[in-house]
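One-letter residues, chain by chain:
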Amino acid sequence: MDAKSEIERLRTVLNQAGYEYYVMDNPTMSDYDYDHQLRRLEELEAAHPELVTPDSPTQRVGGQVQEGFQPVTHQVPLESLQDVFDLGELSEFDQRVRGAVPEAEYDVEPKVDGLSVALEYVDGAFVRGATRGDGRVGEDVTANLKTIRAIPLKLPEPVPHLIVRGEVFMPRTVFARLNEEREQSGEALFANPRNAAAGSLRQLDPRIAAARQLSIIVFNVQYVEGISFTTHTESLDWLERMRFKVIPHDTCSTIEQAGASIRSIGENRTAYPYDIDGAVVKVNSLQERSLLGSTAKFPRWAAAYKYPPEQKPSRVLDIVVQVGRTGVLTPRAVLEPVRLAGTTVQSASLHNQDYIAEKDIRIGDTVLVQKAGEIIPEVVGVVREKRPEGTQPYRLPERCPVCGAHVARDEDGAAIRCTGAECPAQLLRNLTHFASRDAMDIEGLGPAVVEGLVKAGLVRTPGDLYRLEAQSVAQLERMGQKSAENLIAAVEKSKSRDLSRLLFAFGIRQVGQKAAKVLAARFGTLDRLSQATVEELTAVDDIGEITARSLAEWLHSDQAEHLIASLKGAGVNTASQAQPVDDRLAGKTFVLTGTLEHFSRAEAGARIEALGGKVSSSVSRKTSYVVAGEEAGSKLDKANALGITVLSEAEFLQMLSDGTD
């Protein structure tokens, strides 16, 4: 088979497999076979770039980073919908519709909580995709949309011109995994799948969007040439034949049937793979839609029913504290079981101490519970009249419930964190950070390998990394002897890293890369740094009191001392390889006046700053010294008036040479 024929065959096979997996939810090809055949296609296209086509599955991986998103004016506006909040308002909507079209039939669909987009096809090929924006002008996100495998890059029929509307979403399973990875790496968590989807779709680097595994569900034909439909359901059936993933829908002849469909969607909302924030009721006849028209804001032929949050009382049996991978203590209410939105709720997050104090939630209280966004259980408030006598305000523990280390509140937030250097709850995150590129830079020790080492019981603290044996590591899944030997060699190599990297690798609160470099250069060894007082630490430039206290508390904790001893015993370097810093003028402010014989003012200023001092252009009570050269002016007079020490050039040179002050 020649290259062109094989390429065409592989594209057909892979596109069909992708359709069955991402649209039909019925995979017929294993991941291994798919990846193997995709690699073969990539090799053939690399050898024959003239045969690459836009609909090839190789074009979904994401291209170059974009400079920005270009505006797109929608040919057909992407209108928003009028909200209704109860069956009474839904009945009023029905009366308005039937006043113009008495025999109206409705289509009812779940309202996906995602990001609305328009997909445009010319001659059956996907050419552009844009966000809704304000409904009339959106942003061109074509490169990111191409990474969504549920979007067909080529239709099975050469439709001259087609625009469809859909909702991009992040599946709940993907959202949970993404937040778990972000927590492990210390990144801020996404609030909900919608925010995650919106943030992913607007990434300037399509490779990031591709990694987020977004999906889409299509719910409307905005514009089409060469084909006509009489009803909305006909258009959805046709979109399915065009290989789109289409919204599930129910046709109803009366508003009572529509109400029953809405209730059914609400009762089963947790069964959908995506979040929903309501149900949409649409007039089915396209001709009747044209007759009804639109207001300045909404179409008159559709409405969005918003489900009221279901609230039920329950009793707080206990408050337990969980420790996350970043060390944050999160209190959870243990509740008497209560049925909410189709599932049984037995616990709810209480977020933090401030949340508990604001609502005054106590063990034994009767509380109102609902599901935030119909998904996450939350305590709305306390039923005070049902509070038992003798309850006490709840406060989070002062020590970590997992490892017993002291806890500390973030200076800039409500989070309370465990400070333990070897806390088991933080082990995965701490090990991943310890091995990261800017820390100890242990090549090959990524999150997956870290997780394997921990699950196998081979590593319980960062110090255990330096006692690993290749034979044991090779037994891990997907490792093998050669990979194990490479990992052991990378761990061994990391022993010689500079003290600044080790300090950063510890993950001490407030001690980032810059602070770690400054501290390593200033104190030279980890032993000297451990002996430094808070006052000595704050005397170092760029080290404030908060950082100094956090560092001192960490270094003198039992777990940190055990970890440091373990690392030293394994031969890990604890000294700085940087040249010692001469900061004899740290904390001193100089003002230069007059003409100096041995150097210009700029050169003198550079010498001062090189020794840790600061140069000011004006004299004040905060000035430490005024260096006076020939023909010194008013600055000298002001220094004398304020009692500031005045140095001659000879005295200044003496200070630079031996540090006396």
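Residues numbered from 1 in each chain as written. Predicted model: local features only at pLDDT ≥ 70, side-chain atom pairs only at ≥ 80, totals over all residues. Heavy atoms only, no water.

Every buried residue of helix α13 (residues 447–455) is listed here: Val449, Val450 and Leu453. Taken down its axis, α13 places every buried residue within 100 degrees of arc, on the same side. Those residues of α13 that are exposed and angled more than 90 degrees off the buried face are Ala448 and Lys455. Buried-residue contacts for α13 involve α12 (427–435), α14 (470–473) and α15 (480–494). Looking at the residues trailing α13, positive phi occurs at Gly457, about 75 degrees. (Buried < 20%, exposed > 50% of the residue type's maximum accessible area, 1.4 Å probe, protein only. Helix = DSSP H or I, 4+ residues; strand = E, 2+ residues; numbered from the N terminus. Arc of directions from axis to C-beta. Contact = heavy atoms within 4.5 Å.)

Summarising burial for strand β7 (residues 161–169): nine of the nine residues are buried, a large majority. Taking every second residue as pointing to the same face, both faces of β7 are buried, with His161, Ile163, Arg165, Glu167 and Phe169 on one and Leu162, Val164, Gly166 and Val168 on the other. Where strand β4 (residues 115–122) meets β7, eight bridges bridge the pair, whose relative direction is antiparallel. What sits directly across from Ala118, in β7, is Arg165. (Pairing = 2+ DSSP bridges.)

Inspection of the secondary structure puts Gln222 in strand β8 (residues 215–224). At 2.7 Å, the side chain of Gln222 forms a polar contact with the side chain of Asn220. Once residues lying within four places of it in the same chain are set aside, the contact partners of Gln222 are Val76, Pro77, Leu78, Ile163, Val164 and Arg165. (Polar contact = N/O pair within 3.5 Å; in protein donor to acceptor, adjacent residues only side chain to side chain.)

On to α12, then. Most of α12 is tucked away: nine of the nine residues are buried. Of the residues making up α12, those classed as buried are Leu427, Leu428, Arg429, Asn430, Leu431, Thr432, His433, Phe434 and Ala435.

The UniProt record annotates "active site" (unreviewed entry) at Lys111. Its location among the elements puts Lys111 in strand β3 (residues 106–112). With sequence-adjacent residues up to four places away left out, Lys111 is seen in contact with Asp275, Ile276, Asp277, Gly278, Ala279, Val280, Ala304 and Lys306. (UniProt positions renumbered as here; feature names shortened; annotations may be inferred.)

What follows deals with the side chain of Thr547. Mapping Thr547 onto the fold places it in helix α20 (residues 545–555). By relative accessible area, which is 12% here, Thr547 ends up buried. For Thr547, the residues in contact, after removing those within four places along its chain, are Gln510 and Val511.

What follows is about the packing of aromatic side chains. All told, the structure shown has twelve aromatic pairs when counted by the stated rule. Geometrically, the ring pair formed by Tyr121 and Phe126 is tilted, given 5.4 Å between the ring centres and 45 degrees between the ring planes. The same class applies to Tyr121 and to Phe126, which are both buried. On the basis of an interplanar angle of 55 degrees and a centroid distance of 5.6 Å, the ring pair of Phe229 and Trp238 is categorised as tilted. Each member of the pair, Phe229 together with Trp238, is buried. These aromatic residues form a ring-pair network of at least three members: Phe590, Phe599, Tyr625 and Phe652. Lying over the aromatic face of Tyr307, Arg269 brings its terminal NZ or CZ to 4.5 Å of the ring centre. Across the ring face of Phe523, the terminal group of Arg522 is positioned such that the distance to the ring centre comes to 5.2 Å. (Phe/Tyr/Trp six-rings, centres within 6.5 Å; stacked < 30°, edge-to-face > 60°. Lys NZ or Arg CZ within 6 Å of the ring centre and 35° of its normal.)

A separate point is the pattern of salt bridges. Counted according to the given criterion, the structure contains 24 salt bridges. When the shortest N-O distance is used, the salt bridge between Arg40 and Glu43 registers 3.8 Å. Of this pair, Arg40 and Glu43 both sit in helix α2 (residues 31–47), three residues apart, which is roughly one turn of that helix. For Arg194, the salt bridge is made with Asp113, and the minimal N-O distance between the two is 3.7 Å. Residue Arg194 is found in helix α6 (residues 193–201), and its partner Asp113 is found in the loop between β3 and β4; the two are separated by 81 residues along the sequence. Salt bridges sharing common partners tie together Asp360, Arg362, Asp365 and Arg387. (Salt bridge = Lys/Arg side-chain N within 4 Å of Asp/Glu carboxyl O.)

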